[in-house]
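Below are the chains, spelled out letter by letter.
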Amino acid sequence: QVQLVESGGGLVQPGGSLRLSCAASGSISSIANMRWYRQAPGKQRGLVAGITSGGNTNYVDSVKGRFTISRDNAKNTVYLQMNSLKPGDTAVYYCNADVRVPGTVRYGNYWGQGTQVTVSS
């Protein structure tokens, strides 16, 4: 069983910063790509940022220059540093990862439960 647990969400004023964390636990052989998604009320869930096991990153245009994704492979943890936050960044943020468990050759896709980020004055 693999679990992804996010933390670090909360209420912040426009222009402020938050750092989200997502730790994977359970029976894990390796983790490939890790990603952050977000879903605002009434909108579809969309990709925010992704990072490969080798550290290559990609971002949606709306967060480029403001958000930074990183990971600690030893801790099976991915982070999302969010700076210069805007009200439009308000959403539930979800962690997503491709994980291989012992005894298998394929990677399964797993989701965290989500953490609320609210940007408001």
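Residues numbered from 1 in each chain as written. Predicted model: local features only at pLDDT ≥ 70, side-chain atom pairs only at ≥ 80, totals over all residues. Heavy atoms only, no water.

A. Structural context of the pattern of salt bridges. Per the stated rule, a full pass over the model turns up four salt bridges. Of the charged contacts, one joins D98 and R35 as a salt bridge, the two residues approaching to 2.6 Å between their closest N and O atoms. On the criterion of sequence distance, the pair formed by D98 in strand β9 (residues 91–100) and R35 in strand β4 (residues 30–39) is long-range, its members being 63 residues apart. A single burial state applies to D98 and to R35, both of which are buried. (Salt bridge = Lys/Arg side-chain N within 4 Å of Asp/Glu carboxyl O. Helix = DSSP H or I, 4+ residues; strand = E, 2+ residues; numbered from the N terminus. Buried < 20%, exposed > 50% of the residue type's maximum accessible area, 1.4 Å probe, protein only.)

B. Inspection of the sheet that holds strand β3 (residues 18–26) at higher detail. The sheet built from four strands is open, its strands ordered β1-β3-β8-β7 with antiparallel pairing. The open sheet has two free edges, formed respectively by β1 (2–7) and β7 (67–72), since each of these has just one partner strand. Across the sheet, the axes of successive neighbouring strands diverge by a mean angle of 15 degrees, strand direction being ignored. (Pairing = 2+ DSSP bridges. Axes fitted to C-alpha atoms, helices over the stretch in contact; angles between N-to-C directions.)

C. Highlighting the nonpolar core. W36, V48, F67, V78, L80, M82 and Y93 are the most contacted members of the largest nonpolar core, which has 29 residues in total. Contributing elements (two or more residues each) for this core: β1, β3, β4, β5 (46–51), β7, β8 (77–82), β9 and β11 (115–119). In terms of residue count, β9 provides more of this core than any other element does, five residues in total. (Core = buried A, V, L, I, M, F, W, Y, C linked by side-chain atoms within 4.5 Å.)

D. Just the environment of G108, in detail. Tracing the backbone shows G108 in strand β10 (residues 108–111). G108 gets classed as partly exposed once you look at its relative accessible area, which sits at 22%. Separated by 99 residues in sequence, G108 and G9 place their C-alpha atoms 26 Å apart.

E. A look at the pairing of β5. As paired strands, β4 and β5 are joined by five bridges and run antiparallel to one another. Bridging across to β5, R38 finds its partner in G46. Between β4 and the antiparallel strand that follows it, β5, lie six residues; G42 among them carries a positive phi value of about 80 degrees. Across three bridges, the pairing between β5 and strand β6 (residues 57–59) is antiparallel. Residue pairing in the sheet places G50 in a bridge with N58 of β6. Between β5 and β6, which pair antiparallel one after the other, the connecting turn spans five residues, and G55 there sits at a positive phi close to 100 degrees.

F. Summary view of the packing of aromatic side chains. Using the criterion set out here, one finds two aromatic pairs in the structure. Ring geometry for Y37 and W111: centres 4.9 Å apart, planes at 55 degrees, overall tilted. Of this pair, Y37 sits in strand β4 while W111 sits in strand β10, placing them 74 residues apart in sequence. Measuring from ring centre to ring centre gives 6.5 Å for Y94 and W111, while their planes differ by 85 degrees; the resulting arrangement is edge-to-face. Note that Y94 is positioned in strand β9 and W111 in strand β10, a separation of 17 residues in sequence. Residue class for Y94 comes out buried when judged on its relative accessible area of 14%. A relative accessible area of 38% places W111 in the partly exposed class. Note that R19 overlies the ring of Y79, its terminal NZ or CZ placed 4.0 Å from the centroid. A cation over an aromatic ring shows up here: R45 above the ring of W111, its NZ or CZ 4.7 Å from the ring centre. (Phe/Tyr/Trp six-rings, centres within 6.5 Å; stacked < 30°, edge-to-face > 60°. Lys NZ or Arg CZ within 6 Å of the ring centre and 35° of its normal.)

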